[in-house]
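An overview of the molecular structure
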Amino acid sequence: MLAALAAGVKGSKWFSLIDKVYAERTLGLAWEKVRINAGACGVDGITVARFGKDSPTRLLAVKEPLQRNRYQPRPVKRVWIPKPGSAEKRPLGIPTVTDRVVQAAVRMVIEPIFEREFAPASYGFRPGRSCRDALRRVDELLNSGHLHVVDIDIQGYFDAIPHERLMAAVAEHVADGRVLALLEAFLKAGVMEDMESHEAESGTPQGGVISPLPANIYLNALDWLLARSGLQAVRYADDIVVLCRDAASARAALEEVRGWLEAAGLKLHEGKSRVVDMGQPGHHFDYLGYRFWRGRGGGRRRRHRRPSSRRRGCGWRRCRSVR
């Protein structure tokens, strides 16, 4: 696949992928990833340890329905966990171990296809990229004079992604109907909470092995829109900041993002989205668990981190946000 990607694929579409998904080697590697990550059991009560006791037989049992296009995912088990920096809680969906294996296999097959399509501004849940890379890029932009920061919050992004539009975005590069049907089945598997099952009309539940990939696919168009507009954005999953050199550009960027989100069936969280002038004393913004503000003086402070390039006597500092 990687060799084919390097050479280019006719029409930029892949037509035969499902056999790569259910290949024994792929399923074996997918199981190893799930085993290493461990995690809680899903709605069927089967733990990773229990799956591992008879993994060869269980993997063969997974392969057959995948071959026959009869694999049916189970609903994810919904739990609520604290949201960092807030009194609110966010939903987490826990798929069954079997579904996690299949999701990992699908992701292993289709992720390389979309990796070459993703914009440089995207850092979240991508091979070879990390939260630190995103923070480092924010530091670089602040130090280069991009002091007007558009702090963007998408209201309930993971639960709000329109399935039909998401699948259309995936189908731009994946033409294997069986893989598309399998991915859509995971999206529509629904959730189980308090012993009741609920169908999913939109969204991709946070917690699934594959959920970050379609989430990145859907926002890729926004990434490229901002890039074509000459705007400097940094995105980690649904956490987005756009850094501009002047206030007018920042306000225009916020309107551009708002318009794109509305057209894409999403909604800007008006109460949490704002423009921050980092040239003003005391102004700050939080991003990926860090607080950015303009520091003064050359002395060190515990838990403060400075970017590598900084003017003597003043510079940008970041510390972990108060939670």
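Residues numbered from 1 in each chain as written. Predicted model: local features only at pLDDT ≥ 70, side-chain atom pairs only at ≥ 80, totals over all residues. Heavy atoms only, no water.

1. Some points on the overall build of the protein
- Of regular secondary structure, the protein possesses 12 helices and 11 strands.
- Residue burial in the protein is summarised as follows: out of 323 residues, 46% are buried.
- Within the protein, counting contacts between residues at least 6 apart in sequence, those at least 24 apart form 70% of the total.
- Of the roughly 16500 Å² that the protein leaves accessible, carbon and sulfur atoms contribute 49%. (Helix = DSSP H or I, 4+ residues; strand = E, 2+ residues; numbered from the N terminus. Buried < 20%, exposed > 50% of the residue type's maximum accessible area, 1.4 Å probe, protein only. Contact = heavy atoms within 4.5 Å. Areas by Shrake-Rupley, 256 points an atom, 1.4 Å probe, with all protein chains shown as cover.)

2. So, the nonpolar core
- Counting 86 residues, the largest nonpolar core has Val-242, Phe-285 and Tyr-287 as its most contacted members.
- With 10 residues, helix α6 (residues 97-115) is the largest single contributor of residues to this core.
- With sequence-adjacent residues up to four places away left out, Tyr-287 is seen in contact with Leu-135, Val-138, Val-234, Arg-235, Tyr-236, Asp-239, Ile-240, Val-241 and Phe-292. (Core = buried A, V, L, I, M, F, W, Y, C linked by side-chain atoms within 4.5 Å.)

3. Description of empty space enclosed by the protein
- A complete count under the given rule lists two cavities of 30 Å³ or more for this structure.
- Here the largest cavity is characterised by a volume of approximately 100 Å³.
- Considering the residues around the largest cavity, the lining is formed by 13 residues, among which Val-76, Gln-103, Phe-186, Pro-205 and Ile-210 are closest to the centre.
- Only α6 and α10 (177-187) provide two or more residues apiece to the lining of the largest cavity. (1 Å grid on protein atoms, 1.4 Å probe; cavity = no way out; pocket = protein on both sides within 12 Å on 5 of 7 lines; lining within 4 Å. Points joined across faces, edges and corners; volume = space filled by probe spheres on them.)

4. Focus on the layout of surface pockets
- One number sums up the size of the second largest pocket: a volume of about 410 Å³.
- Forming the boundary of the second largest pocket are 17 residues, of which Lys-33, Asn-37, Arg-100, Gly-207 and Val-209 lie nearest the centre.
- Looking at the lining of the second largest pocket, the elements with two or more residues in it are α3 (24-37), β2 (89-94) and α6.
- With five residues, the single largest contributor to the lining of the second largest pocket is α6.
- Partitioned by chemical class, the residues of the lining of the second largest pocket number nine nonpolar, four polar and four charged. (Nonpolar A, V, L, I, M, F, W, Y, C, P; charged D, E, K, R; others polar.)

5. Observations regarding the packing of helix α9 (residues 163-171) against helix α11 (residues 212-228)
- Running from N to C, α9 and α11 cross one another at 85 degrees; their axes reach a closest spacing of 9 Å. In terms of orientation, α9 and α11 fall into the roughly perpendicular class. For the pair α9 and α11, contact is made by Arg-165, Leu-166, Ala-169 and Val-170 and by Pro-214, Ile-217 and Tyr-218, respectively. (Axes fitted to C-alpha atoms, helices over the stretch in contact; angles between N-to-C directions. Parallel < 35°, antiparallel > 145°, perpendicular 65-115°, else oblique.)

6. Re the sheet that holds strand β1 (residues 76-82)
- Within the open sheet, the four strands sit side by side as β2-β1-β4-β5. Their pairing is mixed. Single-partner strands in this sheet number two, and they are β2 and β5 (196-198). Taking each pair of neighbouring strands and ignoring which way they run, the sheet shows an average axis angle of 40 degrees.
- Sheet topology places strand β4 (residues 191-193) next to β5; three bridges connect them, and they run antiparallel. Counted as the bridge partner of Met-192 is Ser-197 from β5. (Pairing = 2+ DSSP bridges.)

7. A word on helix α7 (residues 131-143)
- For α7, which comprises 13 residues, the first-to-last C-alpha distance of 19 Å matches the rise-based estimate of 18 Å (1.5 Å per residue) to within 8%.
- Among all positions of α7, only Ala-134, Leu-135, Val-138, Asp-139, Leu-141 and Leu-142 are buried. End-on view of α7: buried residues confined to an arc of 165 degrees, all on one side of the axis.
- Of the residues flanking the end of α7, it is Gly-145, one or two places downstream, whose phi is positive at about 100 degrees. (Expected span 1.5 Å × (residues − 1). Arc of directions from axis to C-beta.)

8. Quick look at the pattern of salt bridges
- Throughout the structure, instances matching the rule amount to 14 salt bridges.
- A salt bridge links Glu-32 to Arg-35; the nearest nitrogen and oxygen atoms lie 2.7 Å apart. Of the two residues, Glu-32 and Arg-35 are both situated in helix α3; the distance of three residues between them amounts to about one turn of the helix.
- A relative accessible area of 32% means that Glu-32 is categorised as partly exposed.
- The partner of Arg-178 in a salt bridge is Asp-176, and the shortest N-O contact between them spans 3.8 Å. (Salt bridge = Lys/Arg side-chain N within 4 Å of Asp/Glu carboxyl O.)

Geometric values such as these leave the question of function open.
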